[in-house]
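# Per-entry structural report
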Amino acid sequence: MSTPSGAPAAGDPRRWMVLAVICTAYLMLTLDATVMNLALPSAQTALHFSDTDKQWVVTAYALCYGSLLLFSGRLTDLVGRKETFIVGLAGFAAASAVGGAAHSFAMLVAARACQGVFAALLAPTALSLLSTTFTDPGERGKAFGVFGAVAASGGGLGLLLGGALTSALNWRWCMYVNLVFAAFSLIAGSSLLTRQPRTGARMDVPGVVVVSGGMLCLVYGFSQAATHSWGTPSTWGFLVAGGVLVVLFSFWQRRAQHPLLPPRVVLDRNRGGSYIAALVTGAGMFGVLLFLIYYMQTGLGYSAIRSGLALLPMVAVTAVASNVGNIRLMPRFGPRPLITAGMLVNAGGLAWLTRIGPDSAYASTILGPTMVVGLGMGMIFAAALRTGTSGVLPQDAGIASAAINTGQQLGGAIGTALLNTIAAGATADYLSGHARGRPGPALFHLATIHGYTRVFWWCAGIFAFGAVISGALLRSGPLPVPGPPSPKPATEPEKVRS
């Protein structure tokens, strides 16, 4: 017997194997983001492309992933979760194999773009499979605890794995490693998942065109701001165009007969709050996962693998906090205190991290703050992922999952642009204020660390802002216990809970 999700029904022990399959597939996606960042310098040397071209290895993936998430989430509801899960896995694995075997820059960028397409298909499918497979409140807490730990710690694990692979083998294995994860998920998923019945979802073609174009413009605009300037036409022009398209999309969703992102999904206070929490977290965590790595490698001389090992305590705390939050705290208190407190904890950890200096010791300066941030991340992910898919109709599970992934992706793009600009400006200001004549290497080193410190202060402010927004938007109390799912889509507009 199977559930409408296409997975084994409650009481069937195979559903825990489904959880293992889902988490393995999602771990592959979260690892890939940071693994490739570590592989880029070696890939650049091997394939002989410039620093200007290097950004496209990241941007090609981000453009396809960010612009296609909502379309893919609705496609999951329309076609079926097993089908989209298998296609997403197979496509991502094939693109990874091509990228690993790339003999030119163009081949690598094309492979990264294809990875982004299939990642956009796979990410919302994995989360919607989880939300529709585990409906018992107790089991749901355990399942989301494990999934939240994977989602929150995947970036840190990617740094460790990427460092090990580039040090022991070469950059190509940072792509080939995806084949191991995909092979397990494909083999196990093909036998465990079954076809789901039709949910009644419909495709909103005009909505797809408008929102995909809007997300494409926004992600590209922010990527240009990160590498060029906010004042260039390729930055502000695309950002303005993206903003206009997103506004048009929101108006269209209220008029469309079968909206791509139904207002009933995002206007629920809990779900809407969780999507904003994902956006804030995506922006703020960029400061930890990128600038802290820069500091450890360029400031303290750590190797790639040592940098990854330095973040293992943070990963461990995140995993524990996510599970405790989902199993023990969410059923009693709901998402509001967990997400709000997690944001505040992150703000405190990042403020603590501003104590870094040119000769800081790991145990006294880095270990404590990163473990605090791990605690905060576990609390946020424990609640946000579960809340973002809570209470939706079966035909909306995929699009609700895509909405939370979209928030995280857009937040990362904003964080990349904003924090890079802040770091560069703070570094330049330090040099102009302290240089007496031509600045030497020691002054450049101090100026760079000053830039990192400024970034950590801004990240602390981002999370403090997220705490205020989360506290205001999220409803107090536990999440409502889901009732029997409706087999048909709603025919009349639903009242928005306030």
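Fair warning: this is a prediction, and the values are worked out from it, not measured in the lab.

### Some details on the overall build of the protein chain
Within the protein chain, the secondary structure is distributed over 16 helices and 0 strands. Whereas a compact globule of 498 residues would reach a radius of gyration of roughly 23 Å, the protein chain reaches 22 Å, a difference of no more than 12%. Viewed in the frame of its principal axes, the protein chain has a C-alpha envelope of about 75 × 50 × 45 Å. The buried share of the protein chain, reckoned over its 498 residues, is 56%.

### What to know about the pattern of salt bridges
Side chains that differ in sign of charge can pair as their charged atoms come close. A full pass over the atoms with the stated rule returns 6 salt bridges. Its salt-bridge partner being Arg15, residue Glu139 comes within 2.3 Å of it at the nearest N-O pair. Placement of Glu139 in helix H5 (residues 137–168) and of Arg15 in helix H1 (residues 14–47) is noted, with a sequence separation of 124 residues between them. Judged by relative accessible area, which is 17%, Glu139 ranks as buried. With a relative accessible area of 7%, Arg15 lands in the buried category. Here Asp32 and Arg112 are joined by a salt bridge, their closest N and O atoms 2.8 Å apart. In this pair, Asp32 sits in helix H1 while Arg112 sits in helix H4 (residues 105–133), placing the two residues 80 residues apart along the sequence. Here Asp32 and Arg112 have matching classes, each one buried. Three or more residues are tied together by salt bridges with common partners; here these are Arg74, Asp77, Arg81, Arg264 and Asp396.

### Here's the deal with the confidence of the model for the protein chain
Chain-level pLDDT for the protein chain is 85 on average; 92% of the residues reach the 70-or-more range. Predicted confidence in the protein chain is weakest over H5, with a mean pLDDT of 80, and strongest over helix H13 (residues 335–353), with 95. Note on residues 484–498: pLDDT under 50 across the span, and 22 contacts to partners over four residues away in sequence or across chains.

### Remarks on the packing of aromatic side chains
Tallied over the entire structure, the rule returns 11 aromatic pairs. Sitting over the face of the ring of Tyr302, Arg306 holds its NZ or CZ atom 4.0 Å from the ring centroid.

### Let's talk about unusual backbone geometry
The phi torsion at His48 lies on the positive side, around 60°, for a residue other than glycine. Position of His48 relative to the elements: it lies in the loop between H1 and helix H2 (51–79).

### Regarding a nonpolar patch on the surface
Together, Trp236, Val240, Val244 and Leu248 line one region of the surface with nonpolar side chains, adding up to about 390 Å² of accessible area. Locating Leu248 in the fold gives a position in helix H8 (residues 233–253).

### Examining the environment of Gly376
Summarising the element assignment, Gly376 is placed in helix H14 (residues 362–388). Spatially, the C-alpha atoms of Gly376 and Gly348 are 9.4 Å apart, while their sequence positions differ by 28 residues. Here Gly376 is in contact with Gly342, Val345 and Asn346, once residues within four sequence places are set aside.

### Quick word on the packing of H1 against H5
As a packed pair, H1 and H5 sit with axes 7 Å apart at the nearest point and diverge in direction by 35°. For H1 against H5, the interelement crossing comes out right-handed. Residue composition of the contact of H1 with H5, by class: 18 nonpolar, 8 polar and 3 charged.

### Description of the packing of H5 against H14
Between two packed helices, both the angle of their axes relative to each other and the distance between the axes serve to describe the pair. Where H5 meets H14, the axes come as close as 8 Å, and the angle between the chain directions of the two elements is 125°. In terms of their interaxial angle, H5 and H14 are classed as oblique. In the packing of H5 onto H14, the handedness of the crossing is right-handed. Contacts from Pro137, Arg140, Gly141, Phe144, Phe147, Gly148, Ala151 and Ala152 of H5 reach H14 at Met377, Phe381, Leu385 and Arg386.

### Quick look at the environment of Pro41
Position of Pro41 relative to the elements: it lies in helix H1. For Pro41, a relative accessible area of 45% gives the class partly exposed. It is 8.7 Å that separates the C-alpha atoms of Pro41 and Lys54, two residues lying 13 residues apart in sequence.

### Structural notes on the side chain of Thr132
Within the fold, Thr132 resides in helix H4. You can call Thr132 buried: its relative accessible area is 16%. At 2.7 Å, the side chain of Thr132 and the backbone oxygen of Ser128 are in polar contact. Here the side chain of Thr132 touches Leu129 through a polar contact of 3.4 Å, landing on its backbone oxygen.

### Structural notes on helix H12 (residues 312–333)
Compared with the 32 Å implied by 1.5 Å per residue over 22 residues, the 29 Å span of H12 between its first and last C-alpha is a close match. When the local axis directions of H12 are compared, the greatest deviation, roughly 40°, occurs at Gly325. Among all positions of H12, only Met314, Val315, Val317, Thr318, Ala321, Ser322, Gly325, Asn326 and Met330 are buried.

### Observations regarding the state of the cysteines
What we call a disulfide is simply a covalent bond connecting the sulfur atoms of a pair of cysteines. Under the counting rule described, the total for this entry stands at 0 disulfides. Lacking any disulfide linkage, Cys217 is separated from the closest cysteine sulfur, that of Cys64, by 14 Å. Overall, the relative accessible area of 13% leaves Cys217 in the buried class.

### Brief notes about the environment of Leu479
Relative to the elements of secondary structure, Leu479 occurs in the segment after helix H16 (441–473). With a relative accessible area of 19%, Leu479 lands in the buried category. Between the alpha carbons of Leu479 and Ala152 there is a distance of 21 Å; along the sequence they are 327 residues apart. Other than its neighbours up to four places away in sequence, Leu479 contacts Asn270, Met330, Gly334, Pro335, Arg386, Thr387 and Ser390.

What counts and what doesn't
- Residues numbered from 1 in each chain as written.
- Predicted model: local features only at pLDDT ≥ 70, side-chain atom pairs only at ≥ 80, totals over all residues.
- Heavy atoms only, no water.
- Helix = DSSP H or I, 4+ residues; strand = E, 2+ residues; numbered from the N terminus.
- Rg over C-alpha atoms; globule rule 2.2 N^0.38 Å.
- Buried < 20%, exposed > 50% of the residue type's maximum accessible area, 1.4 Å probe, protein only.
- Salt bridge = Lys/Arg side-chain N within 4 Å of Asp/Glu carboxyl O.
- pLDDT = per-residue confidence, 0-100.
- Contact = heavy atoms within 4.5 Å.
- Phe/Tyr/Trp six-rings, centres within 6.5 Å; stacked < 30°, edge-to-face > 60°.
- Lys NZ or Arg CZ within 6 Å of the ring centre and 35° of its normal.
- Patch = residues over 30% accessible without salt bridge, like charges linked within 9 Å, V, L, I, M, F, W, Y side chains within 5 Å.
- Areas by Shrake-Rupley, 256 points an atom, 1.4 Å probe, with all protein chains shown as cover.
- Axes fitted to C-alpha atoms, helices over the stretch in contact; angles between N-to-C directions.
- Left-handed = near helix turned anticlockwise from the far one by under 90°.
- Nonpolar A, V, L, I, M, F, W, Y, C, P; charged D, E, K, R; others polar.
- Parallel < 35°, antiparallel > 145°, perpendicular 65-115°, else oblique.
- Polar contact = N/O pair within 3.5 Å; in protein donor to acceptor, adjacent residues only side chain to side chain.
- Expected span 1.5 Å × (residues − 1).
- Bend = angle between axes of the 7 residues up to and from the residue.
- Disulfide = S-S within 2.5 Å.

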